[in-house]
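# Coordinate analysis (summary)
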Amino acid sequence: MNGQDAGGLFVLLFSCMFFLIAIAIAIGVLVFFIYSLVHAATHKMENQAVWILVIILGGPIGAIVYFIAKPYR
């Protein structure tokens, strides 16, 4: 095994690790999005339909806005 093979192996391992971390983050964002959508649909609040639309149309940003605004108090 020469130095060039070791460098290629490092790049391969680094790119695989980066890919797995990106997949884990994407799954986490999807779970948070679905959780916020279910939360908005099941809790009674004013403008419930508007908040559901904010979450759906805003995606992850809309879900974050929903939990920061806390309209379900």
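Residues numbered from 1 in each chain as written. Predicted model: local features only at pLDDT ≥ 70, side-chain atom pairs only at ≥ 80, totals over all residues. Heavy atoms only, no water.

Okay, the packing of aromatic side chains next. Taken as a whole and assessed by the stated rule, the structure comprises 5 aromatic pairs. Between F10 and F14 the ring centres are 6.3 Å apart and the planes differ by 20°, which places this aromatic pair in the stacked class. With F10 and F14 both in helix α1 (residues 3-42), this residue pair falls 4 residues apart, about one helical turn. Considering the side-chain rings of F32 and F67, the 5.5 Å spacing of their centres and the 40° angle between planes classify their relative orientation as tilted. With F32 in helix α1 and F67 in helix α2 (residues 48-69), this pair connects stretches of sequence that are 35 residues apart. Taken together through their ring pairs, the aromatic side chains of F32, Y35, W51, Y66 and F67 make up a single cluster. (Phe/Tyr/Trp six-rings, centres within 6.5 Å; stacked < 30°, edge-to-face > 60°. Helix = DSSP H or I, 4+ residues; strand = E, 2+ residues; numbered from the N terminus.)

Attention now moves to a nonpolar patch on the surface. Together, F10, V11, F14, M17, F18, I21, I25 and V29 make up an exposed nonpolar region whose accessible area comes to about 840 Å². Inspection of the secondary structure assignment puts I25 in helix α1. On the accessibility criterion, I25 (53% relative accessible area) is exposed. (Patch = residues over 30% accessible without salt bridge, like charges linked within 9 Å, V, L, I, M, F, W, Y side chains within 5 Å. Areas by Shrake-Rupley, 256 points an atom, 1.4 Å probe, with all protein chains shown as cover. Salt bridge = Lys/Arg side-chain N within 4 Å of Asp/Glu carboxyl O. Buried < 20%, exposed > 50% of the residue type's maximum accessible area, 1.4 Å probe, protein only.)

Turning our eyes to something else, we now look at the nonpolar core. Most often, soluble globular proteins keep nonpolar side chains buried together rather than apart. Judged by nonpolar contacts, F33, A40, M45, W51, I55, Y66 and F67 together constitute the single largest core of 7 residues. Every element with two or more residues in this core is listed here: α1 and α2. The contacts of F33, once residues within four sequence positions are left out, are I55, I56, G59, P60 and A63. (Core = buried A, V, L, I, M, F, W, Y, C linked by side-chain atoms within 4.5 Å. Contact = heavy atoms within 4.5 Å.)

For the rest of this paragraph, the subject is α2. An α-helical segment advances 3.6 residues per turn. Residues three or four places apart therefore align on the same side. Under the 1.5 Å per step criterion, the end-to-end length of α2 is only 13 Å for 22 residues, more than 12% shorter than the ideal 32 Å. At G59, α2 shows its maximal bend, which comes to roughly 145°, and the proline P60 appears one to four places after that position. Of all the residues in α2, the buried ones are Q48, W51, I55, G59, G62, A63, Y66 and F67. (Expected span 1.5 Å × (residues − 1). Bend = angle between axes of the 7 residues up to and from the residue.)

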